[in-house]
Amino acid sequence: MRLFGCWPHAATYNYLLSSLCKNNRGDEAYNLIEEMQESYCPPDALIFEILIYYSYRLRKLDFAVKFLDQMVSRGLEPWLSTHTAFIKGYFHFGHYDEAYKYVFD
């Protein structure tokens, strides 16, 4: 792509990251995020949502919370689907009290 003078943008990175995560290639996904930051294409809300979903898939709830914190600290507003991911994740793992706190606190 770059050989033809076409630089990747957010949609390209979103697709690549999603594909890497779905295929359990977390190390490469992490490297891709580093590359995004270096190439003047900072991660957007969708990137963080993909990382949150992937964290739940790996049963790493603490990572999901960290990604949400990073998202907010960068001035990105979580989407409704991001909040839904947290609620579904808490319920899926039987953390009903945490789901309640997430919604009402």
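Note: the structure precedes this text.
Residues numbered from 1 in each chain as written. Predicted model: local features only at pLDDT ≥ 70, side-chain atom pairs only at ≥ 80, totals over all residues. Heavy atoms only, no water.

What the protein chain contains, in helices and strands, is six helices and zero strands. Seen in sequence order, the protein chain has helices and strands lined up from the N terminus as α-α-α-α-α-α. Along the three orthogonal principal directions, the C-alpha set of the protein chain runs to about 50 × 30 × 15 Å. Buried residues in the protein chain amount to 35% of all 105 residues. Summarising the internal contacts of the protein chain: among those between residues at least 6 apart in sequence, 50% fall at separations of at least 24. (Helix = DSSP H or I, 4+ residues; strand = E, 2+ residues; numbered from the N terminus. Buried < 20%, exposed > 50% of the residue type's maximum accessible area, 1.4 Å probe, protein only. Contact = heavy atoms within 4.5 Å.)

In this section: the packing of aromatic side chains. Considering all chains together, one arrives at seven aromatic pairs under this definition. Measuring from centroid to centroid gives 5.1 Å for phenylalanine 86 and tyrosine 102, while their planes differ by 10 degrees, and the two rings are stacked. On the criterion of sequence distance, the pair formed by phenylalanine 86 in helix α5 (residues 80–92) and tyrosine 102 in helix α6 (residues 96–104) is long-range, its members being 16 residues apart. On the basis of relative accessible area, tyrosine 102 is assigned to the partly exposed category, the value being 21%. Summarising the aromatic geometry, the rings of phenylalanine 91 and tyrosine 96 are spaced 5.5 Å apart at their centres and angled 50 degrees between planes, so their arrangement reads as tilted. Among the aromatic residues, those joined into a ring-pair cluster are Tyr56, Phe86, Tyr90, Phe93 and Tyr102. (Phe/Tyr/Trp six-rings, centres within 6.5 Å; stacked < 30°, edge-to-face > 60°.)

Turning next to the environment of histidine 9. Within the fold, histidine 9 resides in the segment before α1 (10–22). Histidine 9 gets classed as partly exposed once you look at its relative accessible area, which sits at 46%. It is 9.4 Å that separates the C-alpha atoms of histidine 9 and serine 39, two residues lying 30 residues apart in sequence.

With that out of the way, let us pick up the packing of α1 against helix α2 (residues 26–38). The contact between α1 and α2 brings their axes to 9 Å, and the two run at 160 degrees. Judged by the inter-axis angle, α1 sits roughly antiparallel to α2. When you trace α1 past α2, the crossing you get is left-handed. Residues Tyr13, Leu16, Leu17, Leu20 and Cys21 of α1 form the contact with α2, whose participating residues are Glu28, Ala29, Leu32, Ile33, Glu35 and Met36. Residues that form the contact of α1 with α2 fall into these classes: nine nonpolar, no polar and two charged. (Axes fitted to C-alpha atoms, helices over the stretch in contact; angles between N-to-C directions. Parallel < 35°, antiparallel > 145°, perpendicular 65-115°, else oblique. Left-handed = near helix turned anticlockwise from the far one by under 90°. Nonpolar A, V, L, I, M, F, W, Y, C, P; charged D, E, K, R; others polar.)

Within the largest apolar cluster, 27 residues are counted, with the highest numbers of intra-cluster contacts made by Leu17, Leu51, Ile52, Tyr56 and Phe86. Of all the secondary structure elements, the ones that give two or more residues to this core are α1, α2, α3 (45–57), α4 (61–73) and α5. Ranked by the residues each element gives to this core, the list is headed by α3, at eight residues. With sequence-adjacent residues up to four places away left out, leucine 17 is seen in contact with Ala29, Leu32, Ile33, Ile47, Ile50 and Leu51. (Core = buried A, V, L, I, M, F, W, Y, C linked by side-chain atoms within 4.5 Å.)

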